[in-house]
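Here is what each chain is made of, one letter per residue.
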Amino acid sequence: MDNSAIIEFNSLDCNVVDLNGLDMSNKQLVEKLYILVHSEHQSLIAVLEHLAILDERKVYLSAGYPSMFAYLQKRYNYSESSICRRIAAARVMREFPVVRTYLESRAINLCTLSLLARNLTSENCRELLDKAIWQNTAAVEKLLISGGYTVPGVARITASKFSQEKCKAVAM
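My aim in this report is to walk through the structure given alongside it, one point at a time. (Residues numbered from 1 in each chain as written. Predicted model: local features only at pLDDT ≥ 70, side-chain atom pairs only at ≥ 80, totals over all residues. Heavy atoms only, no water.)

Right, let's get into the packing of aromatic side chains. Tallied over the entire structure, the rule returns two aromatic pairs. For the pair Tyr 65 and Tyr 71, a centre-to-centre distance of 5.4 Å together with 75° between the ring planes defines the contact as edge-to-face. For the residue pair Tyr 65 and Tyr 71, the accessibility class agrees, reading buried in each case. Taking 5.6 Å as the distance between ring centres and 75° as the angle between the ring planes, the aromatic pair formed by Tyr 71 and Tyr 76 counts as edge-to-face. (Phe/Tyr/Trp six-rings, centres within 6.5 Å; stacked < 30°, edge-to-face > 60°. Buried < 20%, exposed > 50% of the residue type's maximum accessible area, 1.4 Å probe, protein only.)

Under the criterion given, the structure shown has six salt bridges. Residue Lys 27 is joined to Glu 31 by a salt bridge in which the shortest nitrogen-to-oxygen separation is 4.0 Å. With Lys 27 and Glu 31 both in helix α1 (residues 26–57) and four residues apart, this pair spans about one turn of that helix. With relative accessibility at 60%, the residue Lys 27 sits in the exposed group. With a shortest N-O distance of 1.8 Å, Arg 100 and Glu 104 are connected by a salt bridge. Here Glu 104 and Arg 100 lie together in helix α5 (residues 98–104), a separation of four residues that amounts to about one turn. Relative accessible area serves as the criterion here: at 27%, Arg 100 is assigned to the partly exposed category. Residue classification places Glu 104 among the partly exposed residues on the basis of a relative accessible area of 35%. One salt-bridge network, in which partners are shared between bridges, spans Glu 49, Arg 100 and Glu 104. (Salt bridge = Lys/Arg side-chain N within 4 Å of Asp/Glu carboxyl O. Helix = DSSP H or I, 4+ residues; strand = E, 2+ residues; numbered from the N terminus.)

Once that is clear, we can look at the nonpolar core. The biggest cluster of nonpolar side chains holds 26 residues, and the ones touching the most others in it are Val 99, Leu 113, Leu 116, Leu 120 and Leu 129. Elements with a minimum of two residues in this core: α1, α4 (80–95), α5, α6 (110–117), α7 (125–132) and α8 (137–146). Per-element tally for this core: the top contributor is α6, with five residues. If sequence neighbours within four positions are ignored, Leu 120 has contacts with Val 92, Phe 96, Val 99, Leu 113, Cys 125, Leu 128 and Leu 129. By size, the runner-up hydrophobic cluster in this structure holds eleven residues, among which are Ala 52, Tyr 60, Met 68 and Ile 83. (Core = buried A, V, L, I, M, F, W, Y, C linked by side-chain atoms within 4.5 Å. Contact = heavy atoms within 4.5 Å.)

Here we take up α4. Working note: α-helix, 3.6 residues per turn, so residues spaced by three or four point in the same direction. The end-to-end C-alpha distance of α4 is 23 Å, a good match for the 22 Å that 16 residues give at a rise of 1.5 Å each. By the burial criterion, the buried members of α4 are Ser 82, Ile 83, Arg 86, Ile 87, Ala 89, Ala 90, Val 92 and Met 93. If you follow the buried residues of α4, they end up packed against α1, α3 (68–76), α5 and α6. (Expected span 1.5 Å × (residues − 1).)

Here we come to α7. Considered for burial, the residues of α7 that qualify are Cys 125, Leu 128, Leu 129 and Ala 132. Angularly, the buried residues of α7 cover 100° about the axis, an arc narrow enough to put them on a single face. Looking at the buried residues of α7, the elements they touch are α5, α6 and α8. Trp 134 lies just past α7 and shows a positive phi near 60°. (Arc of directions from axis to C-beta.)

That is the geometry; function is a separate question.
Listed below in structure tokens is the structure:
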């Protein structure tokens, strides 16, 4: 790892809290968590926007990496699944700017967006995003399968086969 990429965390104002929580009431702890989660969410959107630009410019090549995946894995130590979700989300945000609005409002999260990503087109983008609002991963997978779309990591089955399997599962 290039040492120039390491941030001196002591210089950041991270408002580190005693992990035992002894200095905070439950109310203060919950309020602080709310602020931290909001901050984390805003940071994720900023990271995705930066990744989209880095990917478009292929900065990873000039940094000596063969792919965006390798760059994020080696330089930033992201897990494989985190890399896949972030690359998919960054690319779809670049292609369909409206996606940012869904992420900002938290109507769509990173996991569900990464599932939707390979299926979004200019014709179906809003429709699929609207159907996936506030849905969990399993619900979005079902939405995609029932619509005949591709779901990463799930064997491709037809909508009629999905309905048959669903009926069998209910009958059991």
